[in-house]
Amino acid sequence: MAEIAGRFPLLGATPAAVAALKDPAGFAALCDRLAIPHPALSPVSGGPSEPRGTRVPLPLARRGRGGGGSGRIAEPPPAPPPPPTSSPQGGGEAPFSAHLASAERSAWLLKRAGGCGGSHIRLSATGAVPPGHYLQQKVTGRAFALNFLSDGSRIEPLALTEQWQAPSRLRPFRYGGALARGRDEPHPVASALREAITESVARIVRATGLTGLASADLLIDGENWWLLEINPRPGATLDVLDRRPTPLLLAHIEASLGRLPTLEPAPPDATGAEICYAARTYAALPPLDWPAHVHDRPRAGSRVGRDAPICTVTATGADAATVKRNLRARADALRARLDDTENRHEFQHDRPEPQRPGEPAGREPRR
């Protein structure tokens, strides 16, 4: 990014802002300094500026106005046992002692630095920290994201969207989808808590100079909340939020140039987007006349493995519950339509290939 920024103007977050926000240890230290609640963290192992061992994690920030509604100090969950230090010959990994109970190991999440979508997150079952990864305390709560525009010193909230997961056997924290409630629909998060979250995110913006469209991933449990990370870019909720008269991309450009726009009122109805994952492997996707509510469409003939994303479906409705029902129905209908189209076009999976003399039997898709 820095090299590109040296030749061309960038519309969005600067390289310095991205570096400050996407370094796990640096971001945790920033949250601690600004009194913003953030899960306890063990710094990235094997990074260019970090020792190859794992240090004692930072304490959970719990001071000031960030942790609970109406300025109340949030009580953090019981701190998990700290991950042990590596042996001098650890080679960048920090294995837990064999005597630690599995419940203690599962109090930590293993995350990849710079990862997105939740597919990279695992429970720390072995306690090892590979290079480029870090351990973060597992906290409970519902997933939300504060989506906002920023001019480097101020923010304009777009929506506090609700998020959910679509866990698979190997990816228990995989991103599922998100929705934004309608303008007059009651929100599950109290207004005082939403204001505290917004003010905390604004402090981070002022500290980093972040500009453009961005989002803050959160976990909320009653009156307590934790900031997980800041995504300094337009995210997966772009399909959900781009429904005002002024295109969201134009608002992003204006904010990036230091001119924070005034937003029109939010739409009256709720809207959502969900990733449609493959229930099985498609050796070659059949041709399909995609419905208008389907986005990120794959090309016919593409191979899609089981549990891989096929596309994104969107839906609107009078309220959040209606949107969720419509999303699930559309995703299920799309999978059924793919299977039906595949059968009619005689797309088959794993058809045995005749064995040739001296060669092993193979399997290939047939059209």
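Just so it is clear, the model here is predicted, and its values are computed rather than measured. (Residues numbered from 1 in each chain as written. Predicted model: local features only at pLDDT ≥ 70, side-chain atom pairs only at ≥ 80, totals over all residues. Heavy atoms only, no water.)

Engineer: Break down the packing of aromatic side chains for me, citing the residues and quoting the values.
Structural biologist: In this structure the tally under the stated criterion is zero aromatic pairs. For the cation-ring pair, Arg174 lies above Tyr277, with the distance from its terminal atom to the ring centre recorded as 3.5 Å. Sitting above the plane of the Tyr282 ring, Arg280 keeps its charged end 4.6 Å from the centroid. (Phe/Tyr/Trp six-rings, centres within 6.5 Å; stacked < 30°, edge-to-face > 60°. Lys NZ or Arg CZ within 6 Å of the ring centre and 35° of its normal.)

Engineer: Describe unusual backbone geometry, with residues and values.
Structural biologist: Phi is positive for Ala35, which is not a glycine, with a value near 60°. On the secondary structure map, Ala35 appears in the loop between helix 3 (24-33) and strand 1 (41-42). With relative accessibility at 14%, the residue Ala35 sits in the buried group. The phi torsion at Asp296 lies on the positive side, around 55°, for a residue other than glycine. (Helix = DSSP H or I, 4+ residues; strand = E, 2+ residues; numbered from the N terminus. Buried < 20%, exposed > 50% of the residue type's maximum accessible area, 1.4 Å probe, protein only.)

Engineer: Hey, could you go over the pairing of strand 7 (residues 175-180) for me, with residue numbers and the actual values?
Structural biologist: In terms of burial, strand 7 is a largely internal element, six of the six residues being buried. As paired strands, strand 6 (residues 155-165) and strand 7 are joined by four bridges and run antiparallel to one another. Following the sheet pairing, Glu162 is matched in strand 7 by Leu179. The pairing of strand 7 with strand 10 (residues 270-277) spans four bridges and is antiparallel. Residue pairing for strand 10: Gly177 is matched across the bridge by Glu274. (Pairing = 2+ DSSP bridges.)

Engineer: Quick one: what's the story with the layout of surface pockets, residue by residue and with numbers?
Structural biologist: Estimated volume of the second largest pocket: approximately 560 Å³. Forming the walls of the second largest pocket are 28 residues, and the residues nearest its centre are Leu158, Ala159, Leu160, His187 and Ala266. The set of elements that each furnish at least two residues to the lining of the second largest pocket consists of strand 6, helix 5 (191-208) and helix 6 (238-241). The residue makeup of the lining of the second largest pocket, split by class, is 13 nonpolar, five polar and ten charged. (1 Å grid on protein atoms, 1.4 Å probe; cavity = no way out; pocket = protein on both sides within 12 Å on 5 of 7 lines; lining within 4 Å. Points joined across faces, edges and corners; volume = space filled by probe spheres on them. Nonpolar A, V, L, I, M, F, W, Y, C, P; charged D, E, K, R; others polar.)

Engineer: Could you give an account of the pairing of strand 9 (residues 224-231), naming the residues involved and the relevant values?
Structural biologist: When a strand is regular, its side chains alternate between the sheet's two faces. Where burial is concerned, most of strand 9 is hidden: seven out of the eight residues are buried. With seven bridges connecting them, strand 8 (residues 211-221) and strand 9 associate as antiparallel partners. The partner of Ile220 across the bridge, within strand 9, is Trp225. If you look at the hairpin formed by strand 8 and strand 9, you'll find two residues sitting between the two strands, and Gly222 has a positive phi there, around 65°.

Engineer: Requested: an account of the pattern of salt bridges, with residues and values cited.
Structural biologist: A side chain of one charge can pair with a side chain of the opposite charge when the charged atoms of the two come close. Counted according to the given criterion, the structure contains twelve salt bridges. In this structure, Glu199 engages Arg206 in a salt bridge whose closest nitrogen and oxygen atoms are separated by 3.9 Å. Put simply, Arg142, Glu162, Arg181 and Glu185 are held in one network by salt bridges that share partners. (Salt bridge = Lys/Arg side-chain N within 4 Å of Asp/Glu carboxyl O.)

Engineer: Can you tell me about the nonpolar core, naming the residues and giving the values?
Structural biologist: Counting residues in hydrophobic clusters, the biggest one holds 28 residues, and the most contacted among them are Phe148, Ile204, Leu218, Leu227 and Ile230. Contributing elements (two or more residues each) for this core: helix 2 (15-22), helix 3, strand 5 (142-151), strand 6, helix 5, strand 8 and strand 9. Apart from the residues within four sequence positions on either side, Leu218 is in contact with Arg142, Ala143, Phe144, Leu146, Leu160, Ile197, Trp225, Trp226, Leu227 and Leu228. (Core = buried A, V, L, I, M, F, W, Y, C linked by side-chain atoms within 4.5 Å. Contact = heavy atoms within 4.5 Å.)

Engineer: I'd love a proper account of the sheet that holds strand 11 (residues 294-295), names of residues and values included.
Structural biologist: If you walk across this open sheet you meet the eight strands as 9-8-5-6-7-10-12-11, and the pairing is antiparallel. Single-partner strands in this sheet number two, and they are strand 9 and strand 11. Pairing geometry for strand 5 and strand 6, over seven bridges, is antiparallel. If you follow Ser150 over to strand 6, its bridge partner there is Ile155.

Engineer: Any details on helix 2? Residues and values, ideally.
Structural biologist: When helix 2 is considered as a whole, its buried residues turn out to be Ala17, Val18 and Leu21. End-on, the buried residues of helix 2 take up no more than an arc of 100°, which puts them together on one face. The inward-facing, buried residues of helix 2 abut helix 3, helix 5 and strand 9. (Arc of directions from axis to C-beta.)

Engineer: Explain the confidence of the model for the protein to me, using residue names and the numbers behind them.
Structural biologist: Averaged over all residues, the pLDDT of the protein is 78; the fraction at 70 or higher stands at 71%. At the low end of the mean pLDDT range in the protein sits strand 14 (residues 363-366), at 40; at the high end sits helix 5, at 97. Across residues 70-101 the pLDDT falls below 50, and counting only partners more than four positions away or on other chains, this stretch makes 70 contacts in the model. Per-residue pLDDT stays below 50 along residues 360-367; that stretch engages in 23 contacts with residues further than four places along the chain or on separate chains. (pLDDT = per-residue confidence, 0-100.)

Engineer: Go over helix 7 (residues 248-256) with me, naming the residues and quoting the values.
Structural biologist: All of the buried residues along helix 7 are Leu248, Ala251, His252, Ala255 and Ser256. Projected onto a plane normal to the axis of helix 7, the buried residues spread over an arc of 135° and lie on a single side. Against strand 5, strand 6, strand 8 and helix 6 lie the buried residues of helix 7. Gly258 sits one or two positions beyond helix 7 and adopts a positive phi of about 90°.

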